[in-house]
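# Topology and contacts: notes
As a plain string of letters, each chain reads:
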Amino acid sequence: MKIYCISDIHGFLAEFEEALSLVLDHLDEPDTKLCLLGDYIHGGNDNYRVLDKIISLQRKYGSDKVIALLGNHEEFVLTGYSTVNNMNIIEDEEYGTDDGRDDKYIQWFENLPRYYTEGNTIFVHAGIDEDAGDMWEWGTSDEIFVSKYPAETGKIEGLEMKVVAGHVGTAEISEDPRFHDIYYDGDSHYYIDGTVMDSGIIPVLLVDTDENKYYQVTEGGNYLVFPYDVE
């Protein structure tokens, strides 16, 4: 199976479409999927259009071919902390109502899974409870799946699987404010949040679960992702 991964779109439609341009021609191929890791809203000005784009892709290809996971920003809407188009309605009462516009998106959010697995890879917005080892599915709380912070690196003891996540920008994880590409720690973690609101970049990761290889997808081709400190 070949799985293309995109995360943390945050309402930036043009950047999302640029990332999708590297993927869409492949979705008609067998054994190929797109996995979106959450945080589709809050940051840019195209929150609704990003969601409409994802929903239309699921209608065209099916939700088993285009997998959309729940992120913490979608959960903010579910808990009433925000609306789709406004991050914090508590602090900004002027935009504290959506006049029913959000209803169909809320229904969609309610049905989004918090993680997905294929082969030896766990796809998730933020992370898992790594202390739970191979019992992570039962040992990880709903909150950790979407809101885990800070990002962990290194070998996950007792678990022979890789974790692909977004949520925390790779500039923060690498401690390099200029780095917005895919971060691999050399052990168990791939992080793909390029902090689009600062960088204009939404990285695309390709996971080949048959060969157990992970590639950064670019216009120039696919390149094997090496540990950050090796680059």
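Refer to the structure printed above.
Now for a description of the structure that goes with this document. (Residues numbered from 1 in each chain as written. Predicted model: local features only at pLDDT ≥ 70, side-chain atom pairs only at ≥ 80, totals over all residues. Heavy atoms only, no water.)

Here the structure, examined in full by the defined rule, presents 10 salt bridges. Among the salt bridges present, the one from Glu118 reaches Lys33, with a minimum N-O distance of 3.6 Å. With Glu118 in strand β4 (residues 115-118) and Lys33 in strand β2 (residues 32-36), this pair connects stretches of sequence that are 85 residues apart. One salt bridge connects Arg114 with Glu75, and the closest N-O pair in it is separated by 2.5 Å. With Arg114 in the loop between α4 (103-110) and β4 and Glu75 in helix α3 (residues 72-78), this pair connects stretches of sequence that are 39 residues apart. Pair check on accessibility: Arg114 and Glu75 agree, each one buried. (Salt bridge = Lys/Arg side-chain N within 4 Å of Asp/Glu carboxyl O. Helix = DSSP H or I, 4+ residues; strand = E, 2+ residues; numbered from the N terminus. Buried < 20%, exposed > 50% of the residue type's maximum accessible area, 1.4 Å probe, protein only.)

In this structure the tally under the stated criterion is 12 aromatic pairs. Between Tyr40 and Trp108 the ring centres are 6.0 Å apart and the planes differ by 50 degrees, which places this aromatic pair in the tilted class. Remark: Trp108 occurs in helix α4 and Tyr40 occurs in the loop between β2 and α2 (47-61); sequence separation between them is 68 residues. On the accessibility criterion, Trp108 (13% relative accessible area) is buried. Taken together, a centroid distance of 4.2 Å and an interplanar angle of 15 degrees make the contact between Tyr190 and Tyr214 stacked. Taken as a pair, Tyr190 in strand β8 (residues 189-193) and Tyr214 in strand β10 (residues 213-218) lie far apart in primary sequence, 24 residues in all. (Phe/Tyr/Trp six-rings, centres within 6.5 Å; stacked < 30°, edge-to-face > 60°.)

Our next topic: helix α1 (residues 13-20). Within α1, the full set of buried residues consists of Leu13, Phe16, Ala19 and Leu20. In an axial view of α1, the angular spread of the buried residues amounts to 120 degrees, which keeps them on one side of the axis. Looking at α1, the residues exposed on the side facing more than 90 degrees away from the buried face are Ala14 and Glu18. Against β1 (2-6), β2 and α2 lie the buried residues of α1. (Arc of directions from axis to C-beta. Contact = heavy atoms within 4.5 Å.)

Here the focus is the packing of α2 against α4. The contact between α2 and α4 brings their axes to 12 Å, and the two run at 55 degrees. Between α2 and α4, the interaxial angle falls into the category oblique. Where α2 crosses over α4, the handedness of that crossing is left-handed. Touching Tyr48, Leu51, Asp52, Ile54, Ile55 and Gln58 of α2 are Lys104, Tyr105, Trp108 and Phe109, all from α4. Looking at the contact of α2 with α4 residue by residue, the class counts come to 7 nonpolar, 1 polar and 2 charged. (Axes fitted to C-alpha atoms, helices over the stretch in contact; angles between N-to-C directions. Parallel < 35°, antiparallel > 145°, perpendicular 65-115°, else oblique. Left-handed = near helix turned anticlockwise from the far one by under 90°. Nonpolar A, V, L, I, M, F, W, Y, C, P; charged D, E, K, R; others polar.)

Now for unusual backbone geometry. Note the cis peptide between Tyr149 and Pro150, where omega equals 0 degrees. Here Pro150 lies in the loop between α6 (142-147) and β6 (162-169). At His10, a position not held by glycine, the phi torsion is positive, near 50 degrees. By the element assignment, His10 lies in the loop between β1 and α1. Even without being a glycine, Thr195 presents a positive backbone phi close to 50 degrees. Mapped onto the secondary structure, Thr195 falls in the loop between β8 and α8 (196-199).

This part covers the nonpolar core. Counting residues in each nonpolar core, the largest one holds 53 residues, and the members touching the most others are Ile6, Phe16, Leu34, Tyr40, Ile54, Trp108 and Phe109. Excluding residues that lie within four positions of it along the chain, Ile54 makes contacts with Ile9, Phe16, Leu36, Tyr40, Ala68 and Trp108. Among the nonpolar cores identified, the runner-up in size contains 18 residues, and Ile3, Leu37, Tyr184 and Tyr214 belong to it. (Core = buried A, V, L, I, M, F, W, Y, C linked by side-chain atoms within 4.5 Å.)

Below, the discussion takes up the sheet that holds β8. Strand order in the open sheet made by the 5 strands is β4-β5-β6-β8-β7, with mixed pairing throughout. With partners counted over all chains shown, the strands left at the sheet margins are β4 and β7 (183-184), one partner each. Pairing of β6 with β8 involves 4 bridges; the strand directions are parallel. Within β8, the residue paired with Gly169 across the bridge is Asp193. (Pairing = 2+ DSSP bridges.)

Structural measurements only, silent on function.
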